[in-house]
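Geometric and topological summary
Residue-level listing of the chains:
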Amino acid sequence: MDGLDLLKTFREVAARGSFSRAATVLGMSKANVSKYVALLEERFGVRLLNRSTRSVSITDAGQLLLDRSTPLLEMIELTETELRQHAGEPRGRLRITAPHGLGLSDLPALMGEFMTAHPQVHLSLHLTNRVIDLADEGVDVALRLGRIRDENLIVRRLRPMELVLCAAPAYWARRGMPKAPDDMRRHDVLTYSLAGNTPTLPFEVEGQPYIVPVHSRMDANDAVPLIGGALAGLGAVCVPSMMVQPHVDRGALVPVLKEFMPSDLWLYAAYLQRRHNSGALRALLDFLVARVPAPQPAPATTPVPAKARARKKLAAA
């Protein structure tokens, strides 16, 4: 037993004025109740209860302990109740981190839908392109884009993530449409600053990663200015499709080399542990799995012979 058990037992005996009645309420034997009170008296070195064959009365020291411990025990009992509610139903604060680019997707609308369904949950959303340590920064769940890393985290895959390499029609008309990944070496590309000192584009050829060094016309640590630069005709940009789909749909950006885009990228949720998560976190994960839409398969507009010719061109380069 711990100190709280001893205090709860003493408090019950003092309230009932009887070891027997306290034992009945606590679901314990009378001998154990007497033992717990004796252990508490031994710990403090003072008599807390006067015992007789007919009654039990509280000493001055016992009254002091009762007065001081009652608010503490009531607060602990209230906290235990609230913690059980947190575990059992969605409530309280959830701290979420996500890349800036997800602000361009349907994530804000989804978060609003989740909060409407769970009015007792408060969301704290922090947008950053930095991969943070969830434990150090007190984050409950991180939404991430890309390849799933081998980290000490639990991961829920939400949807496959498609990359789109695209530029404005005027740029392609001026510089020519690429037919193979290596053609991008001759193009201006708007790149992420976080990608490292040597700007590259990720491709996949015959199921294997194929990285192409490129000339960076502009770099930024966020997708928004890069997409803006692409819309202005400054160069090509490679970003998740969810960030540029409206521009692609209206023809303001034109994708290229679709058949060479990586196929092992995901939008996923990462969190620290599988067990003892709050009801709010479990509800959010289930909601995201159910509500984040899977990408629609694109129509097969590029015939197989064209892809074969592109591979041949790649081999000859």
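Look up a bit, the structure's there.
This one's a predicted model, so the numbers in the text were calculated from it and none came from an experiment.

This next bit is on the side chain of Thr128. The topology assignment puts Thr128 in the loop between strand E4 (121-127) and strand E5 (141-146). Since its relative accessible area comes to 13%, Thr128 is described here as buried. Only 3.1 Å separates the side chain of Thr128 from the backbone nitrogen of Arg130, close enough to count as a polar contact.

If you look at the biggest cluster of nonpolar residues, it comprises 40 residues, and the most contacted ones within it are Met111, Leu143, Val244, Leu284 and Leu288. With 7 residues, helix H9 (residues 279-291) is the single largest residue contributor to this core. Every residue in contact with Leu288, bar those within four places of it in the chain, is listed here: Met111, Leu143 and Leu158. Of all hydrophobic cores here, the second largest spans 20 residues; its members include Ala167, Tyr171, Ala236 and Cys238.

This brings us to the sheet that holds strand E11 (residues 215-220). With mixed pairing, the 5 strands of this open sheet are ordered in space as E11-E8-E12-E7-E13. Looking at the sheet topology across the chains shown, the edges are occupied by E11 and strand E13 (254-256). Within this sheet the neighbouring strands show an average axis-to-axis angle of 40°, counted without direction. In terms of strand pairing, strand E7 (residues 163-167) meets E13 through 3 bridges, oriented antiparallel. Note on E13: the bridge partner recorded for Leu165 is Val256. Packing against the sheet, helix H7 (residues 223-231) makes contact with strand E8 (188-192), E11 and strand E12 (236-240), and its axis sits at approximately 170° to E8. Packed onto the sheet, helix H8 (residues 241-249) meets E7, E8, E12 and E13 and runs at close to 120° relative to E12.

Of all 5 residues in E7, 5 are buried, a share of seventy percent or more. Of the two faces of E7, both are covered, the one formed by Leu163, Leu165 and Ala167 as well as the one formed by Val164 and Cys166. One ladder, built from 4 bridges, connects E7 with E12; its direction is antiparallel. In the strand pairing of E12, Leu163 is matched with Pro240.

Relative to the helices and strands, His126 resides in strand E4. With a relative accessible area of 42%, His126 lands in the partly exposed category. Measuring from C-alpha to C-alpha, the distance between His126 and Ala98 comes to 6.5 Å, with 28 residues separating the pair along the chain. Apart from residues lying up to four places away in sequence, His126 is in contact with Ile96, Thr97 and Ala98.

Turning our eyes to something else, we now look at the packing of aromatic side chains. In the structure shown here, the tally under the stated rule is 2 aromatic pairs. Plain terms: the ring middles of Tyr171 and Trp172 are 5.4 Å apart, the flat faces sit at 65° to each other, and that makes the pair edge-to-face. Tyr171 sits in the buried class, given a relative accessible area of 0%.

A separate point is the side chain of Thr59. Counting through the fold element by element, Thr59 comes out in the loop between strand E2 (56-58) and helix H4 (60-88). You can call Thr59 buried: its relative accessible area is 12%. A distance of 3.1 Å separates a polar side-chain atom of Thr59 from the backbone oxygen of Leu48. Reaching out from Thr59, the side chain makes a polar contact with the backbone nitrogen of Gly62 at a distance of 3.0 Å. What Thr59 contacts, discounting residues up to four positions off in sequence, is Arg47, Leu48, Leu49 and Asn50.

Quick look at the pattern of salt bridges now. All chains considered together, the criterion is met by 8 salt bridges. Arg156 is the salt-bridge partner of Asp286, the closest N and O atoms lying 3.3 Å from each other. Taken together, the residues Asp286 in helix H9 and Arg156 in strand E6 (residues 154-160) connect sequence positions 130 residues apart. Take Asp286: its relative accessible area is 48%, and that puts it in the partly exposed class.

Looking now at the sheet that holds E4. Across a sheet, paired strands are connected by hydrogen bonds in the backbone, their directions being either parallel or antiparallel. What the 5 strands build is an open sheet, ordered E4-E3-E5-E14-E6; its pairing is mixed. The open sheet has two edge strands with one neighbour each: E4 and E6. Averaged over neighbouring strand pairs, the angle between their axes works out to 20° when direction is ignored. Relative to E4, strand E3 (residues 92-98) is paired through 7 bridges, and the arrangement is parallel. Bridged to Ile96 within E4 is Leu125.

Here the focus is H9. Given 3.6 residues to a turn, an α-helix orients residues that are three or four positions apart in the same direction. In a regular helix each residue adds 1.5 Å, so 13 residues correspond to 18 Å; H9 covers 18 Å between its end C-alpha atoms and thus fits that length. By the burial criterion, the buried members of H9 are Gly279, Ala280, Leu281, Ala283, Leu284, Leu285, Phe287 and Leu288.

Rules of the game
Residues numbered from 1 in each chain as written. Predicted model: local features only at pLDDT ≥ 70, side-chain atom pairs only at ≥ 80, totals over all residues. Heavy atoms only, no water. Helix = DSSP H or I, 4+ residues; strand = E, 2+ residues; numbered from the N terminus. Buried < 20%, exposed > 50% of the residue type's maximum accessible area, 1.4 Å probe, protein only. Polar contact = N/O pair within 3.5 Å; in protein donor to acceptor, adjacent residues only side chain to side chain. Core = buried A, V, L, I, M, F, W, Y, C linked by side-chain atoms within 4.5 Å. Contact = heavy atoms within 4.5 Å. Pairing = 2+ DSSP bridges. Axes fitted to C-alpha atoms, helices over the stretch in contact; angles between N-to-C directions. Phe/Tyr/Trp six-rings, centres within 6.5 Å; stacked < 30°, edge-to-face > 60°. Salt bridge = Lys/Arg side-chain N within 4 Å of Asp/Glu carboxyl O. Expected span 1.5 Å × (residues − 1).

The quantities given are spatial measurements derived from coordinates; they are silent on function.
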